[in-house]
Amino acid sequence: MPESVKSDASFRPSAEAYSKQYPGQYNGSCTGSYTGSYTAQYAGDRPSSTYRKQPVLPEQEEPAAFHAAHSPHTIWLTDELLFSFQRCHRRAYLDRYGDLEYCDAPSDYLLKLRQDSLAHRREILQDAVIHEADYPRSNWAAGAETTLALMQQGVERISRGVLLTEYRDGVMLVSCPDLLVRQPGESVFGDWMYVPTDIRLGKRPKLDYQVMAAFHAYVLAAVQGAWCDTSWLMLRQRGPYAVDLVDLVPRMEEILYACAEMLITQREPEVFIAHNRCDLCHWYSFCYGLATGDRHLSLLPGVTPSRYVYLKQMQITTLEALAATPVRELEMLPGFGPAVAHKLVYQAQATLNQEALLNPSLSHGALLELVTHRRLPTAEVELYFDIESAPEQNVVYLHGVLVVDRAQGHNQFYALLAETPEAECLAWNQLMELFQRYPDAPIFHFCPYEVQTVRRLGELFGTAPEIVEDLLTRFVDLHDWVTQVALLPVESYALKAIARWLGFNWRDAEANGAQSIFWYAQWLQTGDRAFLESILRYNEDDCRATHRVKDWLVAFITEKVQEIQAH
């Protein structure tokens, strides 16, 4: 075994160490958005070398990391905490220091994802001969001792393993890869070493997945005294994916340093609500309550994290300040420009005054041209269309269509349901028949998903392309119309936010697309038709909400056109 592997003083898991073991691969640079975004918030007297030297575990003595693990002052920086930090600094902070009484209970959909993830993991591991590390839940020191003993024995595969190494200033790194696989190579154990594998439910090797794979390799290198040449992801449907440690280790180092700095300094990150990241978080209600109490600018559509940084630099941190800011002061900021600057200022005014405004980017002439040439149709019969699907299963299980007959003064909801995934084609054919029954009716929907899905299903089920394309000429995206024409006092331009501002209420107040997916899974599992009834009720309300938005939009445009023509 080389002396460099045996020497405690010479080994540390870092990008530089990796480059020595695999020369010519790492150039020492760290490109991309991580360097700036993660270090800006936690800048300070950062050591020139990001990480202190990590000891290789002695062969005959109890590892130093185990002594530190028993200290009451230890800060445990787990892989789960680091994963949360990538998505939201504040979530990681609250997971470590927050009052758990303020946590939300997991939603049905989140519980479903966890169950699906466990099932996927069992499926991957079921045919392999595996040694499972046995230790009390969350007792990382005990888990690390058990895992180390299995590694020293040289077993082929280890699941539920725990890898520990000291980091700095009382921070202990905890890595729990789903699988450690033995392979030839020199390490402190002998002529073998281990390679980590993470099993993920996703279909794509997302960057945050890859960063975590690099973290596992990093901590493993400290434990076994040698770098593995790669780290693996096992993805659903795609299978194994080799993570490029040359690229990911330096990215991971930046994120790890910033996360540790936050935990050490106990500096609480500012609230920032971003619905695409926050909606499934167990701290959402707590953070949202703080944000609404302060009327935080993150609740304003168009205020992204990067734009908020520039607004703070200009000391624009309130609705009142933004509403009163001259547009020209924002136009030259990176990521703004005239269109964004106008929209943000007027969006703040609309929210502050709780009134709908004509989009300032749309001139009077452009509005008249839009209404004249593109037109928002009002017909004797109109169709309002909404789809329910389970993307992970790649199945569309419901086409909901509300038929509004203005001439007869009544409407009827049609639920074209695939009670099983195998019935998806039947539901598609029923939808096409319904659309053909009203050949002149415009088909209103909200967002591009319906158009994209109709094209995909037409191709999947062999519908002639010319029929599909002719059908799509009747589709009218109301989301596109609203965002072109109006600025509304809402937190987002999603259907629910707009329709609720207009006074529309869903019969199931907590229902949403994720809940619908859960209900469908429960229907398939239990056969309880109450779950189907919940889906149909939610989808019908979506269609009726779309109808409400369309009627309001027609009235709004009519009013604005009349005002223009009067002048």
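It should be noted that the structure appears before, not after, this text.
We now turn to the structure provided with this report.

Basis of the calculations
- Residues numbered from 1 in each chain as written.
- Predicted model: local features only at pLDDT ≥ 70, side-chain atom pairs only at ≥ 80, totals over all residues.
- Heavy atoms only, no water.
- Core = buried A, V, L, I, M, F, W, Y, C linked by side-chain atoms within 4.5 Å.
- Buried < 20%, exposed > 50% of the residue type's maximum accessible area, 1.4 Å probe, protein only.
- Contact = heavy atoms within 4.5 Å.
- Pairing = 2+ DSSP bridges.
- Helix = DSSP H or I, 4+ residues; strand = E, 2+ residues; numbered from the N terminus.
- Axes fitted to C-alpha atoms, helices over the stretch in contact; angles between N-to-C directions.
- Disulfide = S-S within 2.5 Å.
- Salt bridge = Lys/Arg side-chain N within 4 Å of Asp/Glu carboxyl O.

### Quick look at the nonpolar core
Counting residues in hydrophobic clusters, the biggest one holds 72 residues, and the most contacted among them are Leu-77, Met-151, Leu-173, Tyr-194 and Leu-256. In this structure Met-151 touches Ile-158, Leu-163, Leu-180, Phe-189, Trp-192, Tyr-194, Leu-220, Val-223 and Gln-224, once residues within four positions along its chain are discounted. Tyr-109, Leu-367, Ala-486 and Val-549 belong to the second-largest nonpolar core, a separate cluster that totals 55 residues.

### Notes on the sheet that holds strand β3 (residues 157–159)
If you walk across this open sheet you meet the six strands as β2-β3-β6-β7-β8-β9, and the pairing is mixed. Two strands bound the open sheet, and with one partner strand each, they are β2 (131–132) and β9 (239–243). By the bridge criterion, five bridges tie strand β8 (residues 231–235) to β9 in an arrangement that is antiparallel. Counterpart to Ser-231 in the pairing with β9 is Val-243. Sheet strands in contact with helix α7 (residues 108–125) are β3, β6 (179–187), β7 (190–200) and β8, and its direction is about 145° off that of β7.

### Considerations on the sheet that holds strand β13 (residues 410–417)
Strand-to-strand pairing in sheets goes through backbone hydrogen bonds, with the strands running parallel or antiparallel. Ordered by their spatial adjacency, five strands build an open sheet running β13-β12-β11-β14-β15, and the pairing between neighbours is mixed. Because the sheet does not close on itself, it has two edges, and the strands there are β13 and β15 (475–477). The sheet shows a mean angle of 25° between the axes of neighbouring strands, direction not considered. Where strand β11 (residues 381–390) and strand β14 (residues 443–445) come together, two bridges link them in parallel fashion. Its bridge partner lying in β14, Leu-383 is registered against Ile-443. Packed on one face of the sheet, helix α19 (residues 449–460) meets β11, β12 (395–405), β14 and β15 and runs near 75° to β11.

### Topic: unusual backbone geometry
Although it is not a glycine, Ser-138 adopts a positive phi angle of roughly 65°. As for its placement among the helices and strands, Ser-138 is situated in the loop between β2 and α8 (140–153). A positive phi angle, near 60°, is found at Arg-160, a position not held by glycine. With relative accessibility at 28%, the residue Arg-160 sits in the partly exposed group.

### Here we look at the side chain of His-445
With respect to the helices and strands, the residue His-445 is situated in strand β14. Among residues more than four places away in sequence, those in contact with His-445 are Phe-385, Glu-450, Val-451, Phe-475, Val-476, Asp-477, Leu-478, His-479 and Thr-546.

### Let's talk about the state of the cysteines
Following the criterion strictly, the structure yields zero disulfides and no others. With no disulfide of its own, Cys-88 lies closest to Cys-278 among cysteine sulfurs, the gap being 5.7 Å. Judged by relative accessible area, Cys-88 falls into the partly exposed class, the value being 22%.

### Quick word on the pattern of salt bridges
Two side chains with opposite charge may pair up if their charged atoms get near one another. All told, the structure shown has 23 salt bridges when counted by the stated rule. For the salt bridge of Arg-87 with Asp-208, the shortest nitrogen-to-oxygen distance reads 2.8 Å. On the criterion of sequence distance, the pair formed by Arg-87 in helix α5 (residues 79–87) and Asp-208 in helix α9 (residues 207–224) is long-range, its members being 121 residues apart. Owing to a relative accessible area of 37%, Arg-87 belongs among the partly exposed residues under this scheme. Residue classification places Asp-208 among the buried residues on the basis of a relative accessible area of 13%. Between Glu-540 and Arg-507 there is a salt bridge; the shortest N-O distance is 3.5 Å. Taken as a pair, Glu-540 in helix α24 (residues 529–566) and Arg-507 in the loop between α22 (495–501) and α23 (513–526) lie far apart in primary sequence, 33 residues in all.

Read these as layout, nothing more, since geometry by itself doesn't imply function.
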